[in-house]
Amino acid sequence: MAVTEASPSAPATPGLTAPPEPAADGAAFGPREWLVLITLCCATFMCGLDFSIVTVALPDIGTALGFSSAGTLQWVATAGLLPSASLLPLFARVADLIGRKRLFTLGVAVFTLFSLGAALANSPGMLVATRIGQGTAAAMIAPSAIALMTGYFQEGPQRARALGLNGAVLSLGFVFGALGGGVITNGFSWRWTMVALCAMGALALAGALALPSIHESGATRRMDVPGAILATLGLFGLVYGISTGGDEGWTRPAALGPIVGGLVLLAAFQLVEKRHPEPLVPLSVLNRPSVKWSGLFGVITFGMCAGTTVLLSLYMQDVLGFTTLQAGLGYLGEGAAATLGGLYVARLLGRFGGVKVLAAGLLIQGAGTVAMFALPQDVNLAALLVTSSVMGLGHVFAVVSFITVMTTGVTEEDQGVVGGLSQLPQYVAAIGVSGLGAIAAARTGALASGATPSRADILGGLQAGMVTAGVVALAGALLVGAVLRKRTT
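To start, this report covers the structure provided alongside it. No experiment lies behind these values; they were computed from the predicted model shown. (Residues numbered from 1 in each chain as written. Predicted model: local features only at pLDDT ≥ 70, side-chain atom pairs only at ≥ 80, totals over all residues. Heavy atoms only, no water.)

As for the overall build of the protein
Each helix and strand in the protein was counted, giving 19 helices and zero strands. Sorting the 489 residues of the protein into buried and exposed places 57% on the buried side. Pairs at least 24 residues apart make up 83% of the contacts formed inside the protein by residues separated by at least 6 positions. With an accessible surface of roughly 19,100 Å², the protein has 68% of that area assigned to carbon and sulfur atoms. (Helix = DSSP H or I, 4+ residues; strand = E, 2+ residues; numbered from the N terminus. Buried < 20%, exposed > 50% of the residue type's maximum accessible area, 1.4 Å probe, protein only. Contact = heavy atoms within 4.5 Å. Areas by Shrake-Rupley, 256 points an atom, 1.4 Å probe, with all protein chains shown as cover.)

Here's the deal with the nonpolar core
The nonpolar side chains of soluble globular proteins are, as a tendency, buried together. One finds Ile61, Phe104, Leu127 and Tyr315 to be the most contacted residues of the largest nonpolar core, which totals 134 residues. Here the element with the most residues in this core is helix H1 (residues 31-65); it accounts for 16 residues. Phe104 has contacts with Thr39, Leu40, Ala43, Ile141, Ser144, Ala145, Leu148, Ala208 and Leu211, leaving out every residue within four places of it along the chain. (Core = buried A, V, L, I, M, F, W, Y, C linked by side-chain atoms within 4.5 Å.)

What to know about the pattern of salt bridges
Taken as a whole, this structure holds two salt bridges when the rule is applied. With a closest N to O distance of 2.6 Å, Asp50 and Arg131 form a salt bridge. Residue Asp50 is located in helix H1, and its partner Arg131 is located in helix H6 (residues 124-152); the two are separated by 81 residues in the primary sequence. Of the two residues, Asp50 and Arg131, neither departs from the other in class, the shared state being buried. (Salt bridge = Lys/Arg side-chain N within 4 Å of Asp/Glu carboxyl O.)

Description of the packing of helix H12 (residues 289-319) against helix H16 (residues 381-407)
With their axes 9 Å apart at the nearest point, H12 and H16 run at an angle of 160° to one another. Taken together, H12 and H16 sit at an angle that is classed as roughly antiparallel. H16 is crossed by H12, and the crossing has left-handed handedness. In terms of residue class, the contact of H12 with H16 is made up of 13 nonpolar, nine polar and no charged. (Axes fitted to C-alpha atoms, helices over the stretch in contact; angles between N-to-C directions. Parallel < 35°, antiparallel > 145°, perpendicular 65-115°, else oblique. Left-handed = near helix turned anticlockwise from the far one by under 90°. Nonpolar A, V, L, I, M, F, W, Y, C, P; charged D, E, K, R; others polar.)

Observations regarding the layout of surface pockets
The rolling of a water-molecule-sized probe over the atoms marks out the regions of remaining empty space. Size it by volume and the second largest pocket reaches roughly 670 Å³. Lining the second largest pocket we find 22 residues, and of these Leu235, Leu266, Leu286, Leu421 and Leu424 sit closest to its centre. For the lining of the second largest pocket, the secondary-structure elements that each account for two or more residues are helix H9 (225-248), helix H10 (253-275), H12 and helix H17 (415-428). At five residues, H12 tops the list of elements feeding residues into the lining of the second largest pocket. Here the lining of the second largest pocket is composed, by residue class, of 19 nonpolar, two polar and one charged. (1 Å grid on protein atoms, 1.4 Å probe; cavity = no way out; pocket = protein on both sides within 12 Å on 5 of 7 lines; lining within 4 Å. Points joined across faces, edges and corners; volume = space filled by probe spheres on them.)

With respect to helix H14 (residues 332-352)
Its 21 residues give H14 an end-to-end C-alpha distance of 29 Å, which sits within 8% of 30 Å, the value for a rise of 1.5 Å per residue. Along H14, the largest kink reaches about 40° and is centred on Tyr344. Those residues of H14 that sit buried are Gly333, Glu334, Gly335, Ala337, Ala338, Gly341, Gly342, Val345, Ala346 and Leu349. Positive backbone phi, at 90°, marks Gly353, one or two positions downstream of H14. (Expected span 1.5 Å × (residues − 1). Bend = angle between axes of the 7 residues up to and from the residue.)

Digging into the packing of aromatic side chains
Within the structure shown, the criterion is met by three aromatic pairs. Aromatic pair Phe236 and Tyr240: ring centres 6.3 Å apart, planes at 5°, arrangement stacked. Here Tyr240 and Phe236 lie together in helix H9, a separation of four residues that amounts to about one turn. What makes Phe236 partly exposed here is its relative accessible area of 37%. (Phe/Tyr/Trp six-rings, centres within 6.5 Å; stacked < 30°, edge-to-face > 60°.)

Things to note about a nonpolar patch on the surface
A surface patch of nonpolar side chains, amounting to about 380 Å² of accessible area, comprises Phe176, Val183, Leu325, Leu329 and Leu332. Within the residue set of the nonpolar patch, elements represented by two or more residues are helix H7 (157-187) and helix H13 (324-329). (Patch = residues over 30% accessible without salt bridge, like charges linked within 9 Å, V, L, I, M, F, W, Y side chains within 5 Å.)

Overview of the packing of H12 against helix H19 (residues 455-484)
At their nearest, the axes of H12 and H19 sit 10 Å apart, and the two run at 165° to each other. Taken together, the axes of H12 and H19 lie roughly antiparallel to each other. The handedness of the crossing between H12 and H19 comes out as left-handed. The class makeup of the residues in the contact of H12 with H19 is 22 nonpolar, five polar and two charged.

Re helix H3 (residues 75-86)
Between the first and last C-alpha of H3 there are 16 Å, a value that for 12 residues agrees with the 16 Å anticipated at 1.5 Å per step. Burial runs high along H3: 11 of the 12 residues are buried. Among all positions in H3, only Val76, Ala77, Thr78, Ala79, Gly80, Leu81, Leu82, Pro83, Ser84, Ala85 and Ser86 are buried.

Focus on the state of the cysteines
In protein chemistry, a disulfide is the covalent bond that joins the sulfur atoms of two cysteines. Taken as a whole and assessed by the stated rule, the structure comprises zero disulfides. This cysteine, Cys47, is not joined by any disulfide, and Cys42 carries the nearest cysteine sulfur, 9.7 Å off. Cys47 sits in the buried class, given a relative accessible area of 18%. (Disulfide = S-S within 2.5 Å.)

With respect to the environment of Ala79
Within the element layout of this structure, Ala79 appears in helix H3. Taking relative accessible area as the criterion, Ala79 reaches 4% and is therefore assigned buried. Measuring from C-alpha to C-alpha, the distance between Ala79 and Ile132 comes to 5.1 Å, with 53 residues separating the pair along the chain. Those residues in contact with Ala79 that sit more than four places away from it in its chain are Val128, Arg131 and Ile132.

Comments concerning the environment of Gly133
Inspection of the secondary structure assignment puts Gly133 in helix H6. Its relative accessible area of 6% is what places Gly133 among the buried residues. Residues Gly133 and Ala79, spaced 54 residues apart in sequence, show a C-alpha to C-alpha distance of 8.7 Å. In this view, Gly133 contacts Val110 and Phe114; residues no more than four positions away in its chain are not counted.

Brief notes about the side chain of Thr130
If you trace the backbone, Thr130 turns up in helix H6. Overall, Thr130 belongs to the buried group, its relative accessible area being 7%. With residues near it in sequence (within four places) discarded, Thr130 still touches Phe114, Gly117 and Ala118.

Focus: the environment of Ile132
Inspection of the secondary structure assignment puts Ile132 in helix H6. Residue class for Ile132 comes out partly exposed when judged on its relative accessible area of 40%. Taking the C-alpha atoms as reference points, Ile132 and Thr78, 54 residues apart in sequence, are found 8.7 Å from one another. Not counting the four nearest positions on each side in its chain, Ile132 is found in contact with Ala79 and Pro83.

This is the structure:
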């Protein structure tokens, strides 16, 4: 059956041009749906893999390319994060302007090319430049992938199942990045981490070119240039300040200045959006309770899980004395729980609704994280695997349900914008990493009796950060009931 992409003037028809007959259970996929799901999940996995696989390889990269200091080496990671976060709202609207499928395909192609460039980089400047390119491409992929998923899969069991698998893949990307980065770097070279990303990009690009056509609104034809500039610069300043504040201190001008400047620019962005006839992010969308509150809960679940995952890495290496590879293997429980949660979350959403699953997810994540207070100074794999698995299970439930609540009932012309907003929390999650790291460092310093903290002092600091993360997640679970209790999406 032939399908064609709608022209800009064609009437909007959500989803596939000729969707297959739904299965009896309402959630089963046919060959076409599997092609879509595998392609979009491959791109999601690639973007999730990108940050963690590079972070693990940083020491070898610094030695091989001759980075002058740890501060300059950190730009290998930061150079990918900043454009991903700051350009996300812009590309979310671009997806509605030029077509989600076109932007997704372009993003995957750009990511693949810059991954190849990173593998061939022979200087710090060239590697940082290619990382900026990868981050920019990720900002193209993230909103268009979610918008395509909500367009291809009908609202209900099919979409819930697709989002569940996508959420599991996103978590697995981070976990396998930590594991794969250690294996590849130790066994081969850090360059092969970039080759792996390039290979995944080529696979996702082949799938993108084969995706079935999809009707898109094309109603919005103008770009809100002032809004795009303010949103991009505001998010850049906010994420940059948060990312560097944990190391430099948030009261220092290098961190406080960008954070304050970013908040001022984002406030100006809201004023501009009120007056623009076709705003970058319509305030009618941004002010929807399901969008703004789900976004907050997304920041909570991503921020607290990402921050705790970093603390777990420090626990395994600085307290237990694990090697990088052993620390990567220590995340397998979290990865297995994420996979299991992704497979079953659709059933829970169908039975209980997005709001209840969101509250339960944050509750489970918070309980698992608070329980890390019992992690001992000596190796106890059972305690490590159980607590991290519970946290990972709750995190996947929370991620899938907040995206489900946020994207439900959105009009066709705003799918790209809301898709971008649903991806923004994972990049703003740097506030969790920096905040929990600062709490852990402060507590370790308070416990240390000498210039060099003992393993017990480090453990005490890490546990303080973990308990804080758990309490924040538990508070988020309570807040879900207070602000979204009347919603049953």
